[in-house]
Amino acid sequence: MPIPNGAELFFDGTPVNGVNEVQRISISGSPAGGTFTVTWSGQTTAAIAFNATAATVQAALEALSNIDVGEVACSGGPFPGTAVDVSFQNALGGLNQPAMTTSDSFTGGSTPASAITTPTPGVRGTYRGTAFGAICCDTSSGIFYEQTSTSAARPTWSEVEID
């Protein structure tokens, strides 16, 4: 249940801003053809072409039963020359996510393979689910913070001055 706008919250320490996780899919070895799949949290995509665009990867991920449309945003590509970044957002944003894995069926090239890295780990923000405008007080310092993000899933806490 979201914490309502105008709520007063208390926390021992400075609240932490939420960070959306980014996982990067790359292909090495210059394949000339073939496909690969991506598995995330127990679900596996349909085959994805070795030269797919970011939009194709995003559509394949959003076709999984555990990722809704809009919960990932893909950029970069096309493969194999340029990696594709998968940013987890909305309901999946502001959290540390399970690592994606891949399974390859490439042809040609020099030992082609796909790989997943995590250039930006997800961070759960303090009071995730807090509405815009909520106030949090650091009980150890007496400093007040306001939730200034329009995304309750990824709160951003900004220090406010109280006269």
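This write-up is about the structure you can find in this document. In this text, all values refer to a predicted model and were calculated from it rather than measured experimentally. In this numbering scheme, every chain counts its residues from 1 along its sequence in written order. Reporting in this predicted model follows two pLDDT cut-offs: at least 70 for local features of residues, and 80 or more for side-chain atom pairs to be given and counted; totals over whole chains, interfaces and linings ignore these cut-offs and use all residues. Processing note: side-chain calculations cover all non-hydrogen atoms of the structure and skip hydrogens and water entirely.

Okay, the side chain of aspartate 138 next. The helix and strand labels rest on DSSP assignments: H or I over at least four residues marks a helix, E over at least two residues marks a strand, and numbering proceeds from the N terminus. Mapping aspartate 138 onto the fold places it in strand E10 (residues 135-138). The buried label goes to any residue with under 20% of its type's maximum accessible area, the exposed label to any with over 50%, and the partly exposed label to all in between, with areas taken from a 1.4 Å probe on protein chains only. Residues counted as positive are Lys and Arg, residues counted as negative are Asp and Glu, and His and the chain ends are not counted. Only one rule defines a salt bridge in this text: a Lys or Arg side-chain nitrogen within 4 Å of an Asp or Glu carboxyl oxygen. Although aspartate 138 lies buried, it forms no salt bridge, and the closest oppositely charged side chain, arginine 124, sits 18 Å away as judged by the N-O distance. Each polar contact in these results corresponds to two N or O atoms within 3.5 Å; when the atoms are within protein, one needs to be able to donate a hydrogen and the other to accept it, and residues that are neighboring in sequence are counted only if both atoms are side-chain atoms. In terms of polar contacts, aspartate 138 uses its side chain to reach the side chain of serine 140, at 2.6 Å. For this analysis, residues touch if any pair of their heavy atoms sits within 4.5 Å. If we skip the residues at most four places from it in the chain, aspartate 138 touches Phe11, Asp12, Gly13, Thr14, Ile143 and Tyr145.

In terms of backbone geometry, most residues other than glycine have negative phi values and most peptide bonds are trans. Cis geometry is adopted by the peptide bond preceding proline 78, which originates at glycine 77 and carries an omega value of 0°. Relative to the assigned elements, proline 78 resides in the loop between strand E6 (72-76) and strand E7 (84-88). A cis amide bond links phenylalanine 79 to the next residue, proline 80, at an omega of -10°. Structurally, proline 80 is set in the loop between E6 and E7. If you check the backbone angles, serine 41 has positive phi at about 50° while not being a glycine. Relative to the helices and strands, serine 41 is located in the loop between strand E3 (33-40) and strand E4 (43-44). Using a relative accessible area of 44% as the deciding quantity, one classes serine 41 as partly exposed. Notably, asparagine 90 is not glycine yet its phi reads approximately 50°, a positive angle. Residue classification places asparagine 90 among the partly exposed positions, given a relative accessible area of 46%.

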